[in-house]
Every structure is written in C-alpha cells, then in structure tokens.
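# Residue-level structure breakdown
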Number of protein chains: 2
Amino acid sequence: MTVSTTDVLTDVLTDVLVVGVGCAGASAAIEAARAGASVVALDRAAPGGSSAVSGGELYLGGGTALQRACGLEDDPDQMYAYLHEALGPHPDEEKLRLYCDGSVEHYDWLCGLGIGFNPSLYDGVSWLPPTADGLMWLGENAWPFTELARPVPRGHRPATDGYGGWLLMDRLTTAAREAGVDIHPDTRVTGLLRDDDGRVVGVRARRFGEDLTYRARRGVVLATGGFADDPAMVADHAPALVGHSTVSDGGDDGSGIRLGVEAGGSVRRMAATQIALSVVPALAVRGMLVDGLGQRFVNEDVYPGRFSQAAVLHRPGPWFTLVDESGWEDVPERERWGVRPAVVAETLAEVETELGLPARSLEDTVARYNRDAAAGEDTLFHKDPRWLRPLEPPYAAVDARRGFDPEGTGPRGGTGVSGFTLGGLRTSVDGEVLDAAGAVVPGLFAAGRVTSGIHGAGYVSGTSLGDGTFFGRRAGRAAAHS
Amino acid sequence: MTVSTTDVLTDVLTDVLVVGVGCAGASAAIEAARAGASVVALDRAAPGGSSAVSGGELYLGGGTALQRACGLEDDPDQMYAYLHEALGPHPDEEKLRLYCDGSVEHYDWLCGLGIGFNPSLYDGVSWLPPTADGLMWLGENAWPFTELARPVPRGHRPATDGYGGWLLMDRLTTAAREAGVDIHPDTRVTGLLRDDDGRVVGVRARRFGEDLTYRARRGVVLATGGFADDPAMVADHAPALVGHSTVSDGGDDGSGIRLGVEAGGSVRRMAATQIALSVVPALAVRGMLVDGLGQRFVNEDVYPGRFSQAAVLHRPGPWFTLVDESGWEDVPERERWGVRPAVVAETLAEVETELGLPARSLEDTVARYNRDAAAGEDTLFHKDPRWLRPLEPPYAAVDARRGFDPEGTGPRGGTGVSGFTLGGLRTSVDGEVLDAAGAVVPGLFAAGRVTSGIHGAGYVSGTSLGDGTFFGRRAGRAAAHS
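Residues numbered from 1 in each chain as written. Chains lettered and ligands numbered in written order. Predicted model: local features only at pLDDT ≥ 70, side-chain atom pairs only at ≥ 80, totals over all residues. Heavy atoms only, no water.

Threshold: UniProt positions are given in the numbering used here, feature names are shortened, and annotations may be inferred rather than shown by experiment.
Per an unreviewed UniProt entry, chain A carries the name FAD-dependent oxidoreductase and comes from Nocardioides albidus. Taken verbatim from the UniProt record of chain A, the Cofactor (unreviewed entry) comment is "FAD".

Structural data, given as structure tokens:
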C-alpha cells in the first residue's frame with residue numbers, strides 16, 4: 001500500500017532506511033552509515049535471510065589477494081569474459097563490467113569486515129567442497145569457457161567448514177552494528193510512504209501487532225530477496241520452478257518486488273532462475289548425465305548449476321547419473337552425499353529396462369562415449385580429458401529424484417530439483433529503482449535478489465551473494481548521498 | 001501518462017472505447033456494440049494489425065459444424081486435453097476451459113460474420129497448406145498428444161488462398177462497422193485518463209499532430225498487441241527473441257502493456273514466446289531435424305511451432321533438415337518454399353564436414369534412426385510410422401539460417417528464427433485488467449496479445465487469433481455492461 005504522507009505520524013526518523021537484512025541489505029546499511037548517514041535496517045525476522053543459509057561462496061576475481069596467495073593470475077577482462085558467457089545469454093553488461101572491475105576492491109572490503117579466506121584451492125568438482133580451502137572452481141576450467149577466457153578459479157569461500165553463509169552474515173551484521181546501523185528485527189514492512197511529489201519517504205511497518213511509521217530523509221533501500229517462496233508469483237513469472245523446492249530461508253515471498261512495482265518501479269527478467277539438480281558432481285564427472293531418453297547432453301565438468309539448467313530447463317526428465325564401479329569407488333563415501341544407486345547391473349540393457357529408458361538408448365550413448373574416451377576426446381560436449389575413461393560393467397545409475405541423504409536420515413527427494421529466482425526490480429548501477437520508461441523512482445533503491453542483477457539466463461554460485469553485496473554497497477552509498 | 005480528469009476537455013464521448021483494431025479489438029467492439037453500447041475504436045494506423053498479416057488459422061474444435069461436415073467427431077474435453085499439453089506447461093486452465101467449452105459457439109459466431117471455411121481436410125504437414133482446405137492438423141496426430149487425446153484436426157482456415165488473416169480482419173472490421181462501431185484510424189493513444197477514484201475513464205490520443213481526449217462512460221478495452229517490436233521490452237522480458245525477426249505488422253511495440261501497467265495492472269508470463277524456425281515441415285518429416293551437434297531431438301511430425309521451440313529454446317544451433325533424395329523428391333517443388341540444400345553428398349561424413357558437425361555425429365544419429373525405421377518404430381521420439389523410412393544416400397541438408405525463398409527472389413534468411421510474444425497484462429476471463437493483488441483496475445479491460453491468454457510456455461497456430469477473438473468478445477461484453 002502506498003500512502004500519502006500528509007496523514008501519518010512518524011515513529012522513527014532516519015536518513016536511510018534499509019528493508020531486509022540479508023547480504024544486500026547489510027552491505028547497503030554498512031556503506032550508508034560509513035558515508036555519514038543515520039541508518040535503520042528492518043528485518044521481519046532476524047538478520048540473515050537466505051544469505052545466512054547459503055553456501056557462502058562469493059564469485060570474485062580479477063586478481064584478488066586470495067588468488068595471488070594461491071599463485072594465480074587473473075584480470076577483470078578474463079573474469080568478464082567468463083561471466084558474460086556463464087551468466088548469459090544477455091547478462092547486464094553495464095553491471096557486469098562494474099562488478100568485474102571492482103572485484104579486487106570488493107574482496108578487500110569483505111576481508112576488512114573480518115571475513116577470512118584460506119589460501120588454498122580445492123581442485124575437484126562439487127556443490128560444496130569437503131575441505132576448508134578458500135578457493136574453488138566454478139566452471140571456469142570447463143568447455144566452452146576454456147576457449148573464451150583463461151581458466152582461473154574464482155569461487156571465494158569464507159573460512160569455515162561446510163556452509164559459510166552464516167559466517168558471511170555474522171560479519172556483515174556485526175560490521176553494520178559497528179558502523180552505527182540500528183537493526184530492528186521482527187519488523188515487517190507493509191507499505192511504502194510517498195510524498196505528494198511521488199518521492200518514497202518511508203515505510204509503514206508492523207511489529208508484534210503494532211503499526212509503525214518509519215521516515216527516511218534520503219532514501220529507502222529494498223533488499224528483501226526474490227520470490228521463490230510465493231507460489232502465485234512463481235506461477236505468473238517463473239513457471240520453471242512450479243512444483244519444485246526452493247533454495248531460501250522460506251521468506252523469499254516477493255514482497256519487496258510488489259512494493260517497488262506499486263511505487264512505479266518496473267521489473268525485468270522475471271523468468272530467470274537458478275536451478276539445482278540433486279546430482280553429485282564428483283560422480284557425474286566420472287561417468288555421465290543422461291536424460292529421460294538415455295541421451296547425454298552436457299560436459300559434466302561444468303559448474304553443477306549449469307548442468308542442472310541444461311537438464312531441467314532443456315531436457316525431458318527424469319535425469320540420471322550413470323557411472324561404473326571404478327567411478328563410484330573413486331568418490332569417497334562421504335562425498336557421495338548419501339546417494340544410492342537406483343539400479344546396479346552388468347549390462348546397459350538391464351539399466352535401460354530398470355529405469356524405463358528406450359531400448360538401446362544407453363547402449364548407443366555409452367558406445368559413443370567410450371569410443372571418444374578411448375580416443376581421448378569428447379567430440380560432442382568436450383569434457384576435459386582428465387575425466388574421460390571408457391565405462392565398463394558393472395554399471396550403477398542414480399536417480400536425481402531421490403535427492404541427497406547426507407545424514408543418512410532419508411533422502412531429501414522431492415522432484416530432485418530446487419531453485420530460486422533471479423529476476424526482479426529494474427535498477428541503475430547505483431541501485432536506483434527505475435520505471436518502465438527508465439526514469440528513477442525518487443527515493444527508492446534496491447539491491448540483491450529483489451532486483452534483476454548481473455544475470456542473464458545463466459547462473460554461477462557466488463554471483464548472487466557477490467552481486468548482492470557489491471550492488472548493495474553501491475545502493476547504500478547512493479541512498480546516503482541522495 | 002495517466003492524467004487526472006479534472007483538467008481535460010472531452011473531444012469524443014462514448015460508452016466503450018477500444019484501443020487497437022486487430023482481431024481482439026474488432027471482436028470486442030462488435031460485441032460491445034451488439035450489447036447496446038456506443039463504441040469508438042481507435043487504431044494508430046488502419047484496422048488490421050498483426051492479425052491481418054497472419055495466416056488466419058483459428059484453433060477451434062469441440063465439434064464445430066466444419067469438423068462435422070468433414071465427418072469428424074470432437075468434444076471440448078478432447079480439445080482441452082490436447083491444448084493443455086500443447087500450450088503447456090502451465091497454461092491458464094480457467095481461460096482454457098472456457099475457450100474449449102465455448103469453441104463451437106465461437107465458430108458459429110465467426111461464420112455469422114461471413115467468414116467461410118471449406119469443408120475439406122488438408123492431411124499433410126505444413127506451416128501453410130498449399131490448398132484451400134478449410135481444416136488442417138496442428139499437431140493433434142503426433143506423439144505424445146496421440147496418447148493424451150483422440151487425434152482430431154482443429155486448424156480452421158478461412159476460405160481463401162494462402163494467408164487468410166486479411167480475410168478474417170476484413171469480415172471483423174465490416175461487422176464492427178455494421179454494428180455501429182465508429183472506427184478512428186491514424187489515432188495513437190498516448191495515455192489513459194483516470195478519475196480521482198483511479199477508475200480508467202478514457203484516453204488521450206494524437207492524430208496528425210492534434211491532441212484529442214476520448215472519454216468512455218463504461219470502459220476502455222486495450223487490444224494493442226504484444227511487444228515483439230520493442231527491443232528494450234524484448235531484452236527485459238523475452239530475451240529468447242533478442243536478435244531474431246518478429247512475426248508482426250511492425251507495430252507490436254508493447255505500448256498497451258505499458259499503459260496498463262501505469263494504470264496499476266500487472267503482467268504475467270512475459271518471457272513466453274511463439275517461435276518459428278525456417279524449416280519446411282514436409283521435408284523435415286520425411287527426414288530429420290538435427291541440432292548443431294548432429295543430434296536429433298524431436299518427432300518431426302509435431303506442429304512446426306513445437307519443433308521450432310524444441311530447437312531454438314532447447315538445443316544448440318545451427319539447426320538443419322537432413323533428407324535423402326527420395327524424401328526431397330517426394331515434396332513438390334512449390335511446397336519446398338524455395339529452400340536449397342546447403343550440402344548434397346554421398347556420405348554422412350561429407351555432410352558432417354560441410355556443416356561443421358562433430359565427426360560421426362550424423363552417422364550415429366542416422367544409424368539409430370534407420371534401425372528404428374526398419375523396425376517400424378521411432379523408439380526415441382515416436383514419429384508416426386507413416387513417415388518412417390531408412391534414409392539412403394545421397395543426402396541433402398538444408399540450413400535453417402538460409403530461410404525461405406518462396407518467390408525465388410533471395411532467401412528470407414536472418415537467423416532463420418522469428419517469433420512474437422505471448423505474455424502481457426493479467427486479466428480475468430472477462431478481460432478485466434488485474435493488479436498484482438488480483439484486484440480489478442476499474443474501467444480497464446484488455447484482450448489479445450496485450451494480455452497473457454490461454455498459453456503457458458507452448459504455442460499452436462490459431463490459438464492467438466483464437467484467444468484474441470474469443471476473449472476479445474468477452475471483454476467487449478463485460479465493458480458494455482460495466
């Protein structure tokens with residue numbers, strides 16, 4: 001609800017008001033406060049959001065101190081060339097250019113918050129490395145990217161075991177408080193306040209049954225996350241996610257997008273989605289991924305989000321990982337994420353029958369793969385030769401629909417597919433929310449997944465936390481100076 | 001621009017104002033006038049729009065008089081079952097149900113306007129049959145639809161040679177005038193008028209340098225078409241069309257969507273697109289379609305828009321039609337739409353080399369196809385056995401990027417891909433424009449491609465003219481009675 005300001009009293013008055021304290025909102029709050037603005041940040045729960053339950057990887061490069069400590073050379077042009085293709089087609093070139101050019105400085109800023117990164121590289125393929133190495137590959141060393149840019153790993157992992165999102169949010173929240181940001185938890189924004197000229201000047205909010213009015217002298221920054229948790233918005237705008245699980249803290253309900261649109265903002269790329277298929281990359285890369293017709297469709301050594309999109313968005317399911325015994329044994333049990341074969345068999349014909357694949361489909365597919373592997377070249381999809389080896393019986397096939405079972409407490413199942421949304425409010429590179437004609441909505445800023453960021457149709461891990469923190473900072477500074 | 005009504009004079013006053021005289025606007029105008037409303041219809045050019053340059057097919061069924069005259073049985077449930085899958089995933093079930101249940105009546109209504117349909121069936125596969133048969137298949141007799149619904153042809157073609165859109169629009173426009181609709185050509189709407197309660201009560205328009213104000217007592221119906229001709233909107237919302245040609249009269253610039261959004265309307269499914277690949281279905285069905293890796297990916301006997309989506313949205317290009325000599329000769333020259341082989345060769349290895357396909361890719365693909373053809377069953381994609389025959393040398397391959405050359409004046413080339421947009425304003429089944437919360441924007445209606453209609457991600461010929469005329473009628477009636 002947009003409300004005229006003439007009829008409301010003000011409970012809280014500040015310079016900059018930030019709505020949502022995930023990685024984008026916290027970064028905006030820090031930078032606004034450091035620029036000298038008084039800042040209040042609201043969260044309907046506690047600080048953290050979906051960022052806090054994420055893996056915590058940040059896609060950074062261009063020659064960060066961490067890359068240099070690992071003996072790796074990088075530059076912003078190589079980073080841009082990789083991301084332009086990996087996040088494409090049609091990424092936001094203006095935002096992406098700034099993101100790559102500013103990445104070294106952004107890394108230093110994150111380190112300055114007290115986030116550590118261990119100076120070692122995990123050289124395997126995984127959604128989440130089993131080590132505490134600070135650097136990981138995110139598809140840079142896979143075809144076709146190897147032909148477009150010099151392969152350099154750019155996945156920067158905060159120094160902790162396992163999921164690192166909590167650490168990132170802990171440091172960001174602490175830094176925000178240290179900068180003087182006043183964080184109000186349990187406070188849900190219910191509408192934007194606009195003055196008679198249409199400028200956004202605050203919000204209405206609700207906390208424990210009490211209605212509150214927050215006024216912002218300089219600007220309101222929306223940082224409320226995407227809309228994966230709102231089934232109606234998903235059905236209207238991102239139908240590829242209908243029926244699947246969401247990657248979120250459960251609160252990505254699109255409320256910030258709706259508020260921004262009510263205030264005159266426009267949206268873009270609402271159908272774009274991150275997709276994760278429940279496949280263990282270490283197994284897939286040692287064998288192959290096949291679709292519901294027994295056809296191979298991708299080089300399995302790409303970033304796993306890319307093979308997930310290749311499967312879910314473009315191939316008929318169900319999707320299976322086919323490996324042989326030595327491929328299976330080659331992956332330590334704890335790195336198999338608790339998956340179990342749906343079938344183990346001496347012949348591919350048996351596998352086809354058990355999985356309901358067309359007769360001779362796997363036989364044809366494996367025959368070609370083995371011929372290529374023996375010759376040392378994956379002529380269809382160009383998987384790196386280090387992963388190429390003819391598959392020999394016995395074979396095992398894993399059904400992605402059974403999901404992962406890392407704790408041995410039962411598979412996480414569902415459809416085997418989960419995702420979040422990448423589309424949202426259209427913003428300038430300084431986070432100003434833009435209307436359909438490209439004009440600024442005065443007083444309104446946004447960052448993170450409530451916006452459409454650097455992404456086109458593609459996605460790579462670390463680019464959402466990366467884009468959220470990077471453009472969150474810019475939005476916070478712009479709001480402080482507006 | 002939305003303008004308060006207090007400061008404008010009225011040049012024209014009517015009950016219902018229709019903006020855009022394509023098939024949806026004309027249908028809305030007819031029905032509003034027949035319901036007793038005074039109706040003025042504006043078009044920025046002349047009546048016709050993209051509808052007038054279309055093929056003219058209407059997707060109708062459920063047992064129309066034409067189907068019965070051809071000795072065919074149909075019912076709305078079978079029609080619904082087909083379209084639910086063909087227009088999916090996730091079509092608008094409420095609209096689709098009404099569309100199927102009302103199709104026989106809608107056919108009769110169209111006949112009542114003086115549109116004739118010849119009572120004979122074209123039994124081939126084509127974008128546009130070379131005959132004047134009134135009925136054609138639009139994919140109903142292809143797998144997987146044959147397993148979901150009884151195959152009945154439902155492509156209804158106005159009785160004329162070639163493209164029939166002009167005839168449809170001629171009859172609709174004549175009927176509108178006969179019903180008393182006042183059509184104002186050369187009149188471009190520049191903004192909606194809203195009263196102090198937010199109700200849409202008219203438009204501002206411009207004609208030959210003159211600013212005009214139209215007031216509507218009962219409602220304004222937007223019927224301005226999609227946004228394929230606006231590059232910025234395409235980039236923001238339907239990136240799959242970036243760089244490709246548009247299927248339109250050149251005026252589908254999204255202006256009506258922007259007007260509706262400014263007035264508080266919401267959009268849905270903005271990324272959905274119709275796609276046409278420059279492939280001759282009669283050739284493809286006698287051979288195969290392959291992608292840029294030499295892989296087959298679809299049963300070539302589906303509705304050609306479906307194989308086009310399967311290629312362009314889901315497979316790496318370029319895309320080729322592979323046939324053998326007897327397949328080529330089997331298609332009369334005038335039905336080859338002027339295409340020429342990019343390569344003719346005795347061996348598939350030569351074809352691979354000439355087209356830049358991976359070595360042995362076509363050999364593997366054809367080996368499987370021929371094995372299946374010899375056995376009479378397409379085990380991967382289930383093309384109807386009547387089209388299955390092992391391919392023998394010499395082979396010819398046609399490159400879709402060379403386009404068609406029906407007049408022999410040079411290929412229509414480009415990328416070989418063209419399309420239009422299917423997303424737009426969210427409307428009720430009566431054409432009321434809805435906001436993000438699902439509430440009606442008072443006084444504002446919409447129909448045709450300015451809206452998101454019955455479609456999910458899929459498309460079949462005749463469903464845009466069909467949905468436009470069907471829901472255009474409903475919008476016109478609702479506006480007249482509001």
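## Some words on the overall build of chain A
Heads up, the condition is: Helix numbering and strand numbering both begin at the N terminus, where a helix is a DSSP run of H or I of at least 4 residues and a strand a DSSP run of E of at least 2. Radius of gyration: C-alpha atoms only; globule rule: 2.2 Å multiplied by the number of residues to the exponent 0.38. Exposure categories follow from relative accessible area, calculated using a 1.4 Å probe and restricted to protein chains: below 20% of the type maximum is buried, above 50% is exposed, and the middle band is partly exposed. Contacts between residues were defined by any pair of non-hydrogen atoms, one from each residue, lying within 4.5 Å. For the accessible areas, the method is Shrake-Rupley and the probe is 1.4 Å, while residue cover comes only from the protein chains on display. Note that His is not counted, nor are the chain ends; the positive residues are Lys and Arg, and the negative ones are Asp and Glu. Each charge is placed at NZ for Lys, CZ for Arg, CG for Asp and CD for Glu.
Counting secondary structure elements, chain A contains 16 helices and 22 strands. Against the compact-globule benchmark of 23 Å for 482 residues, chain A has a radius of gyration of 23 Å, which places it among compact chains. Each principal axis of the C-alpha distribution contributes one length, and for chain A these read about 75 × 45 × 40 Å. Each of the 482 residues in chain A was classed as buried or not, and the buried ones make up 62%. Counting contacts in chain A only where the partners sit at least 6 residues apart, residues at least 24 apart contribute 71% of the total. Accessible surface computed for chain A: about 16700 Å², of which carbon and sulfur atoms make up 49%. A distance of 3 Å separates the average location of the 43 positive side-chain charges in chain A from that of its 65 negative side-chain charges.

## Thoughts on the packing of aromatic side chains
Defined as follows: Pairing of aromatic rings covers Phe, Tyr and the six-membered ring of Trp, with a centre-to-centre limit of 6.5 Å; geometry is then stacked below 30 degrees between planes, edge-to-face above 60, and tilted otherwise.
Tallied over the full model, the rule gives 18 aromatic pairs over all chains. Ring geometry for Tyr99(A) against Phe470(A): centres 5.4 Å apart, planes inclined by 80°, an arrangement best described as edge-to-face. On the criterion of sequence distance, the pair formed by Tyr99(A) in helix 5 (residues 93-101) and Phe470(A) in helix 16 (residues 463-480) is long-range, its members being 371 residues apart. Neither Tyr99(A) nor Phe470(A) differs from the other in exposure class; each is buried. Ring plane angle 85° and centroid distance 5.4 Å describe the contact between Phe420(B) and Tyr459(B), whose orientation is recorded as edge-to-face.

## Thoughts on empty space enclosed by the protein
Residue and element names in this part refer to chain A. In plain terms, the rule: Lining residues are those with an atom within 4 Å of a point, where the points come from a 1 Å grid over the protein atoms alone and group into cavities, where a 1.4 Å probe fits but cannot get out, or pockets, open sets with protein on both sides within 12 Å along at least five of seven lines. Grid points are joined across faces, edges and corners, and a volume is the space filled by probe spheres set on the points. For this classification, Asp, Glu, Lys and Arg are treated as charged, while Ala, Val, Leu, Ile, Met, Phe, Trp, Tyr, Cys and Pro are nonpolar and the rest, including Gly, are polar.
Across all of its chains, the model carries four cavities of 30 Å³ or more by this definition. What the largest cavity holds in volume is close to 90 Å³. Considering the residues around the largest cavity, the lining is formed by Gly124, Val125, Ser126, Trp137, Leu138, Gly139, Asn141, Asp301, Val302, Tyr303, Pro304 and Arg386. Put simply, the second largest cavity is a space of about 70 Å³. Counted by class, the lining of the second largest cavity contains seven nonpolar, four polar and one charged residues.

## Structural notes on the side chain of Asp405(A)
Residues and elements named next belong to chain A. For clarity, the cut-off: Between Lys or Arg on one side and Asp or Glu on the other, a salt bridge is scored when a side-chain nitrogen of the former is within 4 Å of a carboxyl oxygen of the latter.
Tracing the sequence through the fold places aspartate 405 in the loop between strand 18 (395-399) and strand 19 (417-421). Buried and unpaired, aspartate 405 has arginine 340 as its nearest opposite-charge partner, separated by 5.5 Å. Residues contacting aspartate 405, with those up to four places away along its chain left out, are Trp337, Gly338, Gly410 and Pro411.

## Considerations on the confidence of the model for chain A
Rule in force here: pLDDT runs from 0 to 100 and stands for how confident the predictor is about each residue.
This prediction gives chain A a mean pLDDT of 96; 98% of its residues lie at or above 70. ipTM for the predicted complex: 0.93, alongside a pTM of 0.95.

## Quick look at the packing of helix 1 (residues 23-34) of chain A against helix 8 (residues 165-178) of chain A
Residues and elements named next belong to chain A. To keep things clear, this is the line we draw: Here an angle of 0 to 180 degrees is reported between the N-to-C directions of two axes, which are lines fitted to C-alpha atoms, with helices fitted over the stretch in contact. Should an angle fall under 35 degrees it is taken as roughly parallel, and over 145 as roughly antiparallel, whereas 65 to 115 is taken as roughly perpendicular and any remaining angle as oblique. Crossing handedness follows the turn of the near helix against the far one: under a right angle anticlockwise gives a left-handed crossing, and clockwise gives a right-handed one.
Packing of helix 1 against helix 8 leaves a shortest axis separation of 9 Å and a crossing angle of 25°. Classed by the angle they form, the pair helix 1 and helix 8 counts as roughly parallel. Here helix 1 runs over helix 8; the crossing is left-handed. Taken together, the residues of helix 8 that come into contact with helix 1 (itself represented by Cys23, Ala26, Ser27, Ile30 and Arg34) are Leu168, Met169, Leu172, Ala175 and Ala176. Across the contact of helix 1 with helix 8, the residue classes break down as eight nonpolar, one polar and one charged.

## What about a negative patch on the surface?
The test is simple: The patch calculation keeps residues exceeding 30% relative accessible area without a salt bridge and links them within 9 Å when they carry like charges or within 5 Å when they are nonpolar (Val, Leu, Ile, Met, Phe, Trp, Tyr).
Negative charge collects at one region of the surface, where Glu325(A), Glu329(A), Glu346(A), Glu350(A) and Glu354(A) lie side by side. Put simply, the parts of the chain that give the negative patch at least two residues each are helix 13 (325-330) and helix 14 (348-355) of chain A.

## Focus on the packing of helix 14 of chain A against helix 15 (residues 361-375) of chain A
All names here are of chain A. At a closest axis distance of 8 Å, the pairing of helix 14 and helix 15 adopts a crossing angle of 135°. If you check the angle between helix 14 and helix 15, you find them oblique. The hand of the helix 14/helix 15 crossing is right-handed. Residues Leu348, Ala349, Val351 and Glu352 of helix 14 form the contact with helix 15, whose participating residues are Ser361, Leu362, Glu363 and Val366.

## A word on the sheet that holds strand 12 (residues 245-246) of chain B
All names here are of chain B. Quick reminder of the rule: Strands pair, by our definition, only if DSSP identifies at least two bridges between them.
With respect to topology, three strands assemble into an open sheet ordered 12-19-14, the strand pairing being mixed. Where the open sheet ends on each side, the last strands, each with one partner, are strand 12 and strand 14 (273-277). Bridge count for strand 12 against strand 19 (residues 417-421) is two bridges, and the pairing is parallel. Paired with serine 245 across the two strands is serine 418, which belongs to strand 19. The sheet contacts of helix 12 (residues 304-312) involve strand 14 and strand 19, and relative to strand 14 the element is tilted by about 95°.

## Thoughts on the interface of chain A and chain B
As a measure of interface size, the accessible area lost when the parts come together is often cited. Residue-level contacts link 28 residues of chain A with 28 residues of chain B. Linking chain A with chain B are eight salt bridges. The salt bridge partner of Arg268(B) is Asp236(A), with a shortest N-O separation of 2.9 Å. Mapped onto the side of chain A that touches chain B, the elements with two or more residues apiece are helix 9 (231-237), strand 13 (267-268) and helix 15 of chain A. It is helix 15 of chain A that contributes the most residues to the side of chain A that touches chain B, four residues altogether. Split by residue class, the side of chain A that touches chain B holds twelve nonpolar, six polar and ten charged.

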